[in-house]
Amino acid sequence: MAGFLKRLFGGDTSGANAPAATEEYEGFVITAEPISDSGQFRLAGSVTKEVNGEMLEHKFIRADLFPTKDQADEFAMHKGKQMIDQLGDRIFQQ
């Protein structure tokens with residue numbers, strides 16, 4: 001009942017507005033940025049790194065959907081680490 005009242009009066013019980021999960025890994029920063037999609041969360045995030053005073057960023061969105069934001073966050077971190085391990089700085093090449 002409390003969840004219904006929060007939604008009715010503007011409260012967000014989905015976790016969609018929770019602060020972004022971030023993690024530093026091998027000199028990069030991975031940020032989970034799940035996208036709310038029909039009651040689920042699409043896997044999305046970014047990998048950033050400062051190189052010679054310039055902040056480089058690679059954004060990613062995948063087709064994977066998860067029932068909770070926490071699960072989408074967890075898998076975004078895993079995907080970010082996988083891309084870093086496989087590509088390193090080449091992740092920023094276009």
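Predicted model only: the values in this text are computed from it and were never measured.

Asks: Sorry, what's going on with the overall build of the protein chain here?
Replies: Along its length, the protein chain carries two helices and five strands. Helices and strands appear in the protein chain in the N-to-C order α-β-β-β-β-β-α. With 94 residues in all, the protein chain has 29% of them scored as buried. Total accessible area on the protein chain is roughly 6300 Å²; 50% of this is exposed by carbon and sulfur atoms.

Asks: What should I look at first to understand the pattern of salt bridges in this one?
Replies: Once their charged atoms are close, side chains differing in charge can pair, the charge on each being opposite to the other. This structure, assessed with the given rule, holds six salt bridges. Of the charged contacts, one joins Lys-59 and Glu-33 as a salt bridge, the two residues approaching to 3.0 Å between their closest N and O atoms. Taken as a pair, Lys-59 in strand E5 (residues 54-66) and Glu-33 in the loop between strand E2 (28-32) and strand E3 (35-37) lie far apart in primary sequence, 26 residues in all. Of the residues examined, Lys-59 reaches a relative accessible area of 51% and is grouped as exposed. Its salt-bridge partner being Arg-42, residue Asp-37 comes within 2.5 Å of it at the nearest N-O pair. Ionic contacts of the salt-bridge type, sharing partners, join the residues Glu-33, Glu-57 and Lys-59 into one network.

Asks: Could you clarify how one ought to interpret helix H2 (residues 69-87) in this entry?
Replies: An α-helical turn contains 3.6 residues, so any two residues separated by three or four positions project in the same direction. For H2, built from 19 residues, the straight-helix expectation of 27 Å at 1.5 Å per residue is met to within 8% by its first-to-last C-alpha distance of 26 Å. Here H2 has its buried residues at Lys-69, Ala-72, Asp-73, Ala-76, Met-77, Gly-80, Met-83 and Ile-84. End-on, the buried residues of H2 take up no more than an arc of 140°, which puts them together on one face. Pointing more than 90 degrees away from the buried face of H2 are the exposed residues Asp-70, Glu-74, His-78, Asp-85 and Gln-86. Among the structural elements, strand E1 (22-25), E2, strand E4 (40-51) and E5 are those in contact with the buried residues of H2.

Calculation rules
Residues numbered from 1 in each chain as written. Predicted model: local features only at pLDDT ≥ 70, side-chain atom pairs only at ≥ 80, totals over all residues. Heavy atoms only, no water. Helix = DSSP H or I, 4+ residues; strand = E, 2+ residues; numbered from the N terminus. Buried < 20%, exposed > 50% of the residue type's maximum accessible area, 1.4 Å probe, protein only. Areas by Shrake-Rupley, 256 points an atom, 1.4 Å probe, with all protein chains shown as cover. Salt bridge = Lys/Arg side-chain N within 4 Å of Asp/Glu carboxyl O. Expected span 1.5 Å × (residues − 1). Arc of directions from axis to C-beta. Contact = heavy atoms within 4.5 Å.

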